[in-house]
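Here are the chains, one letter per residue:
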Amino acid sequence: MAHFNIAPDYLGGWSVVDVTDPREPELVNHIPGPVHTMTLQMDLSGDTMVTALEKPFPVHLDPTPDDPFEEGVVIWDIKDPVNPRRLSHWRTKGTGTHRNHYSGGRYVHLAAGMPGYRGNIYVILDISDRSRPKEAGRWWVPGQKEGETPAHGGTSSGHFHGFCCGAGNTVSLHGPAYVSGNLAYLPYGGAGMVVLDISDVSDPKPVSTLPFSPPFHSLFGVHGVLPLPEQGIAFVNSEDVSYGKGAAHHASIVDISNPSKPFLLSLLPEPVPHPDAPYEDFYTRGGWGGPHNMNHHQYHPAVERQEGIFYMAHFNAGLRIYDVSNRRLPQEIGHFLPADPKKRYMPLPEDKLVTQTEDVVVDRRGFIYISDKNRGIYVLRYTGPRPRLSR
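Since we're looking at a predicted model, the values are computed, not measured. (Residues numbered from 1 in each chain as written. Predicted model: local features only at pLDDT ≥ 70, side-chain atom pairs only at ≥ 80, totals over all residues. Heavy atoms only, no water.)

## Some points on the nonpolar core
Quick reminder of the rule: Only buried residues count toward a nonpolar core, which is a set of Ala, Val, Leu, Ile, Met, Phe, Trp, Tyr and Cys residues joined through side-chain atoms within 4.5 Å. Each residue is placed in one exposure class: buried if its accessible area under a 1.4 Å probe, protein chains only, is under 20% of its type's maximum, exposed if it is over 50%, and partly exposed if it falls in between. Numbering goes from the N terminus for both helices and strands, where a helix is a DSSP run of H or I of at least four residues and a strand is a run of E of at least two. The contact definition used throughout considers only heavy atoms, calling two residues in contact when any of these lie within 4.5 Å.
Core analysis: the largest hydrophobic core is formed by 31 residues, its most contacted members being L110, Y122, W139, L186 and Y188. Counting residues per element, the ones that place at least two in this core are β6 (72–77), β9 (107–113), β10 (121–126), β13 (183–187) and β14 (193–197). Aside from chain neighbours lying at most four places away, what touches L186 is Y122, W139, L173, A177, G192, M193, V194, L196 and V225. Within the second largest apolar cluster, 14 residues are counted, among which are L228, F235, L265 and M312.

Take a look at the structure:
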């Protein structure tokens, strides 16, 4: 697992935890990360692991913004999973990478802060020689490149509906891109869900865009995309860092049976606080609210396949579990709300020190792992009814 590291006195880098017995997790190794660098994401397949390095952000969370930092991605050999062996370091020469996708094979798909662009763009990295990664292709939303005319009124193919990069770089590839066959599904912030044809990785071509902002907020307006082409759907969600202010967030189910014409099927219901909770809704609870990450790594053989149950880390509402067997009528069927932290290990959240459930992954055994900004890892198990998709 990867750690935040956004100030010199916070622990960053990567930890290896043995969960053979999930009731007794054991920390078996910690690999320190570079100082003044965020090390917040990884992906792996087979004997290869890819870890992200990124400049700390934003300035008000970074007391020393001019300090040197590391950036890009590090490629590791994990044949011995307890002792990863560093093979190479590829640099963007910009701010680094945020959330990346590696499901095996030749290419890594990056959300990269490259010089000369506003916000992160899509970069395809060739690691056929893991010791010498090289760029194979890149793509960006028209208007992201400095000096480029923004796509007011849409591109010639009509995909972008007037979105361009403005203050705050709301048009930015959050990542990870998610690749299925020759298609890459990109969670592109205020530009929406972007689908590209990458049959020629050196020249990705737009297939479609599904805007979400407006009506939903634009900064991280699309934060994550999980396409399931065999089921004809994708799960799509935003990330709301406004502390309950501004336009609504969303977690959505989208029809991608025709990738060139995606459309919204439904919205997952908002979490409802317990009747005895001292807050009326999670918008006013404190901390960041709304969806963040899902059980994303469907290409990994150790991860539970996405069928009738959907798992979502929901920041100050903890883990939420949904019955999505009816695509038009998803319903919450379970949740776990961790106790609020007692000690602050990092600056976030900036207001109240409350639960901030960040990530969720579910293994093939049915064990659920969730992380928190200030509480580490919980291991859970869902024990309710298990809906099945109608085939």
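## A short note on the pairing of strand β2 (residues 13–18)
Let me state the cut-off plainly: Any two strands with at least two DSSP-identified bridges between them are counted as paired.
The pairing of strand β1 (residues 2–3) with β2 spans two bridges and is antiparallel. When the bridges of β2 are listed, A2 appears paired with W14. Note: β2 against strand β3 (residues 26–31), five bridges, orientation antiparallel. Bridge pairing in β3 links S15 to H30.

## Structural notes on the layout of surface pockets
Selection rule: Cavities and pockets were defined on a 1 Å grid built from protein atoms only: a cavity is a group of points that admits a 1.4 Å probe but offers it no way out, a pocket is an open group of points flanked by protein on both sides within 12 Å along at least five of seven lines, and a lining residue is one with an atom within 4 Å of any such point. Grid points are joined across faces, edges and corners, and a volume is the space filled by probe spheres set on the points. Here the term charged refers only to Asp, Glu, Lys and Arg, the term nonpolar to Ala, Val, Leu, Ile, Met, Phe, Trp, Tyr, Cys and Pro, and the term polar to all other amino acids, Gly among them.
Considering only enclosed or pocket space, the second largest pocket measures out at about 180 Å³ in volume. Lining the second largest pocket are 13 residues, with P227, L228, P229, E230 and Q298 positioned closest to its centre. Where the lining of the second largest pocket is concerned, the elements lending two or more residues are β12 (178–180) and β16 (224–228). The element contributing the most residues to the lining of the second largest pocket is β12, with three residues. Of the residues belonging to the lining of the second largest pocket, the class tally is five nonpolar, four polar and four charged.

## As for a negative patch on the surface
Threshold: Candidate patch residues must exceed 30% relative accessible area and have no salt bridge, after which like charges are joined if within 9 Å and Val, Leu, Ile, Met, Phe, Trp or Tyr side chains if within 5 Å. With residues, only the protein chains shown are counted as cover, and all accessible areas are computed by Shrake-Rupley using a 1.4 Å probe. What counts as a salt bridge is simple: a side-chain nitrogen of Lys or Arg found within 4 Å of a carboxyl oxygen of Asp or Glu. Think of it this way: Lys and Arg go in the positive column, Asp and Glu in the negative one, and His and the chain ends go nowhere. Just so you know, the charge point we use is NZ for Lys, CZ for Arg, CG for Asp and CD for Glu.
A cluster of acidic side chains, namely D18, D21, E24 and E26, defines a negative patch on the protein surface. In this fold, D21 is placed in the loop between β2 and β3. The exposure class of D21 is partly exposed, given its relative accessible area of 37%.

## Notes on the packing of aromatic side chains
How two aromatic rings sit relative to each other is given by the distance of their centres and the angle of their planes. So the rule is basically this: Only Phe, Tyr and Trp rings take part, Trp by its six-membered ring, and two of them pair if their centres are within 6.5 Å. Stacked means planes under 30 degrees apart, edge-to-face means over 60, and tilted covers everything else. A ring is considered to have a charge above it if a Lys NZ or an Arg CZ atom is located within 6 Å of its centre and within 35 degrees of its normal.
Within the structure shown, the criterion is met by nine aromatic pairs. Plain terms: the ring middles of Y279 and F282 are 5.5 Å apart, the flat faces sit at 55° to each other, and that makes the pair tilted. The two residues Y279 and F282 agree in class, both being buried. With 5.5 Å between their ring centres and 80° between their planes, W288 and F315 make a pair best called edge-to-face. Taken together, the residues W288 in the loop between β19 (263–267) and β20 (309–313) and F315 in the loop between β20 and β21 (319–323) connect sequence positions 27 residues apart. Take W288 and F315: they sit in the same class, and that class is buried. Among the aromatic residues, ring-to-ring pairing joins Y243, W288 and F315 into one connected group. Above the plane of the ring of F367 lies R381, whose end atom (NZ or CZ) is 4.6 Å from the centre.

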